[in-house]
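Tertiary structure, described
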Amino acid sequence: MNKFDVIVIGGGIIGLATSYYLLKSGKKVALIEKNEFGSGASCACDDAIFFQSKKPGINLELTIDSIELYKSLSDELGIDLELENKGGMVLIEKEDHLKVMEDFVKKQKKFGLKVDILDRRDVIKKQPHIRKDILASTYCKEDSQVNPLRVMRGFISKSKKMGLEIIKNNIIEIKEKKDGWKVLLEDKKTVESEFVVNATGAWASEIGKMIGIDIPIVPKRGQIAISEAIPSLGETNAWSAQYIVTKIAPELDRNQNEVYKRLGIGFALSQASTGNYIIGSTREYVGFNKKTTYEGIQLILKEAMALFPIFSKVNVIRTFAGLRPASEDGKPIVGEVEGKKGFYIAAGHEGDGIALAPITGKVVADLINGKRVRYNIEELNLKRFKY
Ligand SMILES: Cc1cc2nc3c(=O)[nH]c(=O)nc-3n(C[C@H](O)[C@H](O)[C@H](O)COP(=O)(O)OP(=O)(O)OC[C@H]3O[C@@H](n4cnc5c(N)ncnc54)[C@H](O)[C@@H]3O)c2cc1C
């Protein structure tokens with residue numbers, strides 16, 4: 001049988017979530033993956049459902065709803081997804097960053113996010129190992145984390161039970177037909193469907209080219225180091241304000257050291273349930289290169305030791321890199337392609353794909369089923385890039 005309601009291309013967390021919610025809605029789904037599941041970004045990333053990094057708007061709205069879906073997914077999928085709600089702090093070291101963060105926090109609060117600025121004394125209470133001259137931090141109780149590997153495992157095993165057809169193959173050609181789409185595979189087999197979802201992350205533009213459309217998504221490499229398991233260093237996960245400031249006040253980025261800028265260093269620290277610390281990360285434009293570099297890892301660890309001096313005594317046991325799918329404006333591309341009936345994109349989630357996976361899958365399934373969604377989803381459509 002080679003006819004399906006929907007063909008989902010890409011077995012990262014977005015393609016898997018989309019397949020799951022489509023199956024749940026009663027669709028017959030085939031998922032095409034050319035390598036291993038999660039071999040793109042979804043198995044080489046951090047674990048944050050990070051509210052504080054989002055500008056008020058659709059990404060924050062979607063994150064709020066995504067975590068609600070996560071809350072019921074462990075039961076639905078029958079696997080502990082290690083969803084934890086430790087809260088998060090954005091560590092502020094410079095006066096100009098403090099001003100930017102105060103302004104950002106005000107806007108987020110107005111949007112309904114429960115986030116505050118803490119002074120040095122309160123920062124040290126929550127993070128006893130932080131450098132003692134830290135200026136301030138933000139604090140948001142809602143920041144959470146989930147284990148992406150478990151999420152993917154859960155989606156795969158549940159979806160298989162629900163009838164997901166998994167096709168491990170390369171795509172040679174995608175053809176538009178009168179009543180849908182025909183996908184020609186490397187082994188000469190074809191599969192057909194009324195709908196196709198391009199969920200190939202950093203590779204989305206390659207699939208786009210097959211049907212003659214430009215999808216402005218490029219790979220943005222992120223390098224990560226994993227520490228040995230140690231007792232918890234503090235109450236919450238933590239990020240440096242540099243990471244947020246680079247996003248929201250790029251003019252301040254000009255003062256930054258050239259190497260840090262080229263590597264896009266933005267410190268992020270979270271502790272997995274096993275006790276290992278995930279220490280990230282870089283943000284580099286180096287094409288489809290997934291290698292780690294001495295320079296990148298060394299600078300991430302330097303940041304870790306500068307903020308938490310105790311890291312000089314902790315062993316690193318592993319390093320890896322993943323490719324964030326980065327769209328031109330930092331927002332994901334979600335929705336049907338204008339003029340290509342039945343062809344959808346669900347890609348370009350950059351550093352938010354773990355947080356946004358359930359809601360993206362649900363929204364795409366709803367759109368394909370002709371249901372109304374409560375967001376201004378047009379804001380995420382590919383056509384926003386047509387000037
Ligand atoms: C260092 C780092 C830290 C991160 N931290 C976080 C975080 O804390 N929180 C968060 O929310 N997000 C985080 N992210 C982002 C998150 O990992 C990504 O947004 C998410 O994994 C993207 O998922 P995806 O399914 O779109 O892409 P991918 O996981 O890359 O999956 C795409 C899949 O498509 C397949 N594919 C490509 N071309 C084809 C083809 N022609 N045919 C078939 N299959 C194809 C690939 O093999 C791949 O498996 C981080 C990313 C990195 C790199």
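The rules we used
- Residues numbered from 1 in each chain as written.
- Predicted model: local features only at pLDDT ≥ 70, side-chain atom pairs only at ≥ 80, totals over all residues.
- Heavy atoms only, no water.
- UniProt positions renumbered as here; feature names shortened; annotations may be inferred.
- Helix = DSSP H or I, 4+ residues; strand = E, 2+ residues; numbered from the N terminus.
- Rg over C-alpha atoms; globule rule 2.2 N^0.38 Å.
- Buried < 20%, exposed > 50% of the residue type's maximum accessible area, 1.4 Å probe, protein only.
- Contact = heavy atoms within 4.5 Å.
- Areas by Shrake-Rupley, 256 points an atom, 1.4 Å probe, with all protein chains shown as cover.
- Lys, Arg positive; Asp, Glu negative; His and termini not counted.
- Charge placed at Lys NZ, Arg CZ, Asp CG, Glu CD.
- Expected span 1.5 Å × (residues − 1).
- Bend = angle between axes of the 7 residues up to and from the residue.
- 1 Å grid on protein atoms, 1.4 Å probe; cavity = no way out; pocket = protein on both sides within 12 Å on 5 of 7 lines; lining within 4 Å.
- Points joined across faces, edges and corners; volume = space filled by probe spheres on them.
- Nonpolar A, V, L, I, M, F, W, Y, C, P; charged D, E, K, R; others polar.
- Domains from an automatic or database assignment.
- Buried area = accessible area lost by both parts, 1.4 Å probe.
- Salt bridge = Lys/Arg side-chain N within 4 Å of Asp/Glu carboxyl O.
- Pairing = 2+ DSSP bridges.
- Axes fitted to C-alpha atoms, helices over the stretch in contact; angles between N-to-C directions.
- Near = heavy atom within 4 Å.
- Polar contact = N/O pair within 3.5 Å; in protein donor to acceptor, adjacent residues only side chain to side chain.
- Parallel < 35°, antiparallel > 145°, perpendicular 65-115°, else oblique.
- Left-handed = near helix turned anticlockwise from the far one by under 90°.

Looking at an unreviewed UniProt entry, one finds the protein chain named Sarcosine oxidase subunit beta, with Natranaerovirga pectinivora as its source organism. UniProt lists a comment for the protein chain under the heading Cofactor (unreviewed entry), and it reads "FAD". The Sequence similarities (unreviewed entry) field of the UniProt record for the protein chain holds the comment "Belongs to the FAD-dependent glycerol-3-phosphate dehydrogenase family."

**Things to note about the overall build of the protein chain**
A tally of regular secondary structure across the protein chain gives 11 helices and 18 strands. Taken over C-alpha atoms, the radius of gyration comes to 21 Å for the protein chain, in line with the 21 Å a tight globule of 387 residues would show. Seen along its three principal axes, the alpha-carbon backbone of the protein chain occupies a region of about 65 × 40 × 40 Å. Expressed as a percentage of its 387 residues, the buried residues of the protein chain come to 57%. Put simply, of all contacts in the protein chain between residues at least 6 apart along the chain, 75% involve residues at least 24 apart. For the protein chain, the accessible surface area stands at approximately 17000 Å², while carbon and sulfur atoms represent 51% of it. Distance from the positive charge centre (59 side chains) to the negative charge centre (51 side chains) of the protein chain: 1 Å.

**A look at the environment of lysine 189**
With respect to the helices, strands and loops of the structure, lysine 189 is situated in the loop between strand 10 (180-185) and strand 11 (190-198). Judged by relative accessible area, lysine 189 falls into the exposed class, the value being 54%. Separated by 111 residues in sequence, lysine 189 and glycine 78 place their C-alpha atoms 34 Å apart. Excluding anything up to four places from it in sequence, lysine 189 contacts Val183 and Leu184.

**What about helix 2 (residues 58-77)?**
Spanning 20 residues, helix 2 covers 27 Å between terminal C-alpha atoms, matching the ideal 28 Å at 1.5 Å per step. Of all the bends found along helix 2, the most pronounced is centred on lysine 71 and spans about 35°. With its phi angle positive at about 70°, glycine 78 sits one or two positions after the end of helix 2.

**Quick notes on the layout of surface pockets**
Taken as a whole, the second largest pocket spans an internal volume of roughly 420 Å³. Lining of the second largest pocket is provided by 21 residues; of these, Asn147, Leu149, Ala272, Ile278 and Arg318 occupy positions nearest its centre. Sorting the residues of the lining of the second largest pocket by element identifies helix 5 (148-161), strand 15 (276-280) and strand 16 (316-327) as the ones contributing at least two each. Residues belonging to the lining of the second largest pocket are distributed by class as follows: 10 nonpolar, six polar and five charged. Lining the lining of the second largest pocket are residues from two domains, each supplying at least three of them: domain 1 (2-44 + 149-216 + 329-385) and domain 2 (88-141 + 218-327).

**Brief notes about the domain arrangement of the protein chain**
One can read the domain layout of the protein chain as domain 1 (2-44 + 149-216 + 329-385) and domain 2 (88-141 + 218-327). Listed as interface residues are 18 residues of domain 1 and, on the opposing side, 13 residues of domain 2. Regarding the contact of domain 1 and domain 2, the summed buried area is about 1200 Å², with carbon and sulfur atoms giving 57% of it. Three residues stand out in domain 1 for area buried against domain 2, namely Ala44, Ala202 and Glu350, and they jointly supply 46% of the buried area on that side. In this assembly, domain 1 and domain 2 are joined by one salt bridge. In this structure, glutamate 350 engages lysine 220 in a salt bridge whose closest nitrogen and oxygen atoms are separated by 2.7 Å.

**Examining the sheet that holds strand 14 (residues 268-271)**
Pairing within the open sheet is mixed, and its eight strands lie in the order 5-6-4-13-14-15-12-16. Strands at the two margins of the open sheet, each flanked by one partner only, are strand 5 (115-119) and strand 16. Direction aside, neighbouring strands of the sheet carry axes that sit 25° apart on average. Running over the sheet, helix 3 (residues 95-111) touches strand 4 (88-92), strand 5 and strand 6 (136-140) and is turned about 150° from strand 5. Strand contacts of helix 10 (residues 294-307): strand 4, strand 12 (217-229), strand 13 (237-240), strand 15 and strand 16, with the helix running at about 55° to strand 12, the strand carrying the most contacts.

**Considering the pattern of salt bridges**
Per the stated rule, a full pass over the model turns up 26 salt bridges. Note that arginine 221 and glutamate 284 form a salt bridge whose closest N and O atoms lie 2.8 Å from each other. A residue pair is termed long-range when its members are at least 10 positions apart, and arginine 221 in strand 12 and glutamate 284 in the loop between strand 15 and helix 10 qualify at 63 residues. The exposure classification of arginine 221 matches that of glutamate 284, with both residues buried. One network of salt bridges, in which partners are shared, links Lys3, Lys177, Asp179 and Glu192.

**Some points on the site of the ligand**
Lining the immediate environment of the ligand, one finds 38 residues, of which Glu33, Ala41, Ser42, Glu350 and Ala355 sit closest. Taking alanine 41, its main chain carries an N or O atom lying 2.8 Å from an oxygen atom of the ligand. Here a nitrogen atom of the ligand sits 2.9 Å away from a polar atom, N or O, in the main chain of glycine 351. Secondary structure elements with two or more residues in the shell around the ligand: helix 1 (13-24), strand 2 (29-33), strand 12, strand 16 and helix 11 (353-368). Here the residues of the shell around the ligand are counted per class, giving 16 nonpolar, 14 polar and eight charged.

**Notes on the packing of helix 2 against helix 5**
Put simply, helix 2 and helix 5 touch, their axes get as near as 10 Å, and they point 50° apart. The orientation of helix 2 relative to helix 5 falls into the category oblique. In this structure, the crossing between helix 2 and helix 5 has a hand that is left-handed. Residues Tyr70, Leu73, Glu76 and Leu77 of helix 2 form the contact with helix 5, whose participating residues are Val151, Gly154, Phe155 and Lys158. Partitioned by chemical class, the residues of the contact of helix 2 with helix 5 number five nonpolar, one polar and two charged.

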